[in-house]
Amino acid sequence: MRIAIDTDPGGAAPNEDWVAATPSLAIVLDGVSTAGLDTGCRHGVPWYVSQLGSHLIAALTNPNDSLSAGLAAALEAVAALHPKCDLANPGTPSATVAILRQRDGFFDHLVLADSPIVLEGPREFTVITDLRVDDVLPELRAEVEQHETHTEEHKEALRRFVTAQRQTRNTPGGYWVAASSPAAAAHAIVGSTAADDVRAAAVLSDGSSRLVTEYRMATWSEVFTTLRTGGPRALIDTVRKVEATDPTGRRWPRYKSGDDATVAFVLP
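So, a few notes on the structure that sits alongside this text. Just so we're clear, the structure is a prediction, and the values are computed from it rather than from any experiment. (Residues numbered from 1 in each chain as written. Predicted model: local features only at pLDDT ≥ 70, side-chain atom pairs only at ≥ 80, totals over all residues. Heavy atoms only, no water.)

Turning our attention to the overall build of the protein. Looking only at helices and strands, the protein features six helices and 10 strands. Across its three principal directions, the C-alpha atoms of the protein cover 50 × 45 × 30 Å. In the protein, buried positions account for 49% of the 268 residues. The contacts of the protein with a sequence gap of at least 6 include a subset with a gap of at least 24, amounting to 71%. Of the accessible surface of the protein, which amounts to about 11800 Å², a share of 52% is contributed by carbon and sulfur atoms. Each charge sign in the protein was given a centre, from 24 positive and 34 negative side chains, and these centres are 2 Å apart. (Helix = DSSP H or I, 4+ residues; strand = E, 2+ residues; numbered from the N terminus. Buried < 20%, exposed > 50% of the residue type's maximum accessible area, 1.4 Å probe, protein only. Contact = heavy atoms within 4.5 Å. Areas by Shrake-Rupley, 256 points an atom, 1.4 Å probe, with all protein chains shown as cover. Lys, Arg positive; Asp, Glu negative; His and termini not counted. Charge placed at Lys NZ, Arg CZ, Asp CG, Glu CD.)

As structure tokens, then:
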């Protein structure tokens, strides 16, 4: 399959997204924000997503291995790289995971948390995502969204939200992300789609998908038209232009003015 990729930081901070592709594999990781809180790890989120992504590619070289097994192996390998860090800290570096693989007439997918995979079929679009995080602590989420971004009130509300959210991360009844334990891989959404039913696909971080899901400034059909005509960079540029019209989050309340945005566009 042919894959075009691009990624862009949401601001001055280092990009915490990660993307890579091989002739049969597309992977997007979105590092989970720490909101400036302690993680128990000296390496940081950009290091974590880079290591996890690299180990995922290595773990999935055999097309007969399941995506879940590959993710579990990668998580175990990355944890072994920094045993002196406090991997039991609930804020240990973590990430969402979205993987698309072409294999034997099928497209296999794995999604852990809210980075979606969108499949363009002959008649409709299928969005594969894991939104369990949206069910966690809605009251604290609403408190964050009451304030404009870059205000002290917003930053403090976000810290309270993330502190509480960490206690539900990778727990029964909470939501699941890639972190230090390979057990999280068993909670991913996995499946396969016949290759004949896929005209194109997009693997996205939520910093890109929000053009449709949060801002509602485009349809999936329009997104795929943009990807075909201008590639991933054109889609990310469109997201940035929309965000520039609402820099303080008054129209679209959010955690930051601009989130890291990543796209892998796949053509069979």
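There is more to say after this.
Let us look at the nonpolar core. Core analysis: the largest hydrophobic core is formed by 27 residues, its most contacted members being Leu52, Leu56, Val97 and Ile99. The set of elements that each furnish at least two residues to this core consists of strand 2 (17-22), strand 3 (25-31), helix 1 (45-59), helix 2 (67-81), strand 4 (95-103) and strand 5 (106-112). Ranked by the residues each element gives to this core, the list is headed by helix 2, at six residues. When near neighbours in sequence (up to four residues on either side) are disregarded, leucine 52 contacts Leu29, Ala74, Leu75, Val78, Val97 and Ala178. (Core = buried A, V, L, I, M, F, W, Y, C linked by side-chain atoms within 4.5 Å.)

Here five strands make up an open sheet; going across it, the order is 1-10-9-6-7 and the pairing antiparallel. Taken across any chain shown, the strands that pair with only one partner, and hence form the sheet edges, are strand 1 (2-8) and strand 7 (125-128). Direction aside, the axes of adjacent strands within the sheet are offset by 15 degrees on average. Relative to strand 10 (residues 261-267), strand 9 (residues 200-204) is paired through four bridges, and the arrangement is antiparallel. Residue pairing for strand 10: valine 203 is matched across the bridge by alanine 264. Along the sheet face, helix 5 (residues 206-213) touches strand 9 and strand 10 and points at about 80 degrees away from the line of strand 10. Along the sheet face, helix 6 (residues 220-244) touches strand 1, strand 6 (117-120), strand 7, strand 9 and strand 10 and points at about 150 degrees away from the line of strand 10. (Pairing = 2+ DSSP bridges. Axes fitted to C-alpha atoms, helices over the stretch in contact; angles between N-to-C directions.)

Across its 15 residues, helix 1 extends 21 Å between first and last C-alpha, which sits within 8% of the 21 Å expected from 1.5 Å per residue. Within the sequence span of helix 1, burial applies to Val45, Tyr48, Val49, Leu52, Gly53 and Leu56. Buried residues of helix 1, seen end-on, are gathered within an arc of 125 degrees and therefore sit on one face of the element. Buried residues in helix 1 make contact with strand 2, strand 3, helix 2 and strand 4. (Expected span 1.5 Å × (residues − 1). Arc of directions from axis to C-beta.)

Attention now moves to the sheet that holds strand 4. On the basis of which strands lie adjacent, the open sheet formed by five strands has the order 2-3-4-5-8 and antiparallel pairing. Both outer strands of the open sheet, strand 2 and strand 8 (189-194), are each paired with one neighbouring strand and no more. Along the sheet, successive strands turn relative to each other by an average axial angle of 10 degrees, direction set aside. Alignment of strand 5 against strand 8, held across six bridges, turns out to be antiparallel. The residue bridging histidine 109 from the neighbouring strand is glycine 191, located in strand 8. Seen against the sheet, helix 2 touches strand 4, strand 5 and strand 8 and runs at an angle of roughly 45 degrees to strand 5.

Counting buried positions over the five residues of strand 9 gives five, a clear majority of the element. Here strand 9 shows no split at all, with Ala200, Ala202 and Leu204 on one side and Ala201 and Val203 on the other all buried. Summarising the sheet, strand 6 and strand 9 pair through four bridges and their orientation is antiparallel. Each bridged residue has a counterpart across the sheet, and for leucine 119 the counterpart in strand 9 is alanine 201.

Let's shift gears to the side chain of histidine 109. Note on placement: histidine 109 falls in strand 5. Taking relative accessible area as the criterion, histidine 109 reaches 9% and is therefore assigned buried. If sequence neighbours within four positions are ignored, histidine 109 has contacts with Leu67, Ile99, Leu100, Ile117, Ile128, Ile189, Val190, Gly191 and Ser192.

Time to look at the packing of aromatic side chains. To describe a pair of aromatic rings, you give the distance between the ring centres and the angle between the ring planes. Inspection of every chain in the model, using the stated rule, returns four aromatic pairs. Both rings, one in phenylalanine 125 and one in phenylalanine 224, keep their centres 5.1 Å apart while their planes meet at 50 degrees; by these two values the pair is tilted. Linking phenylalanine 125 in strand 7 with phenylalanine 224 in helix 6, this pair joins segments that are 99 residues apart in sequence. Given a relative accessible area of 28%, phenylalanine 125 falls into the partly exposed group. Ring geometry for phenylalanine 161 versus tyrosine 255: centroids 5.8 Å apart, planes at 45 degrees, classification tilted. (Phe/Tyr/Trp six-rings, centres within 6.5 Å; stacked < 30°, edge-to-face > 60°.)

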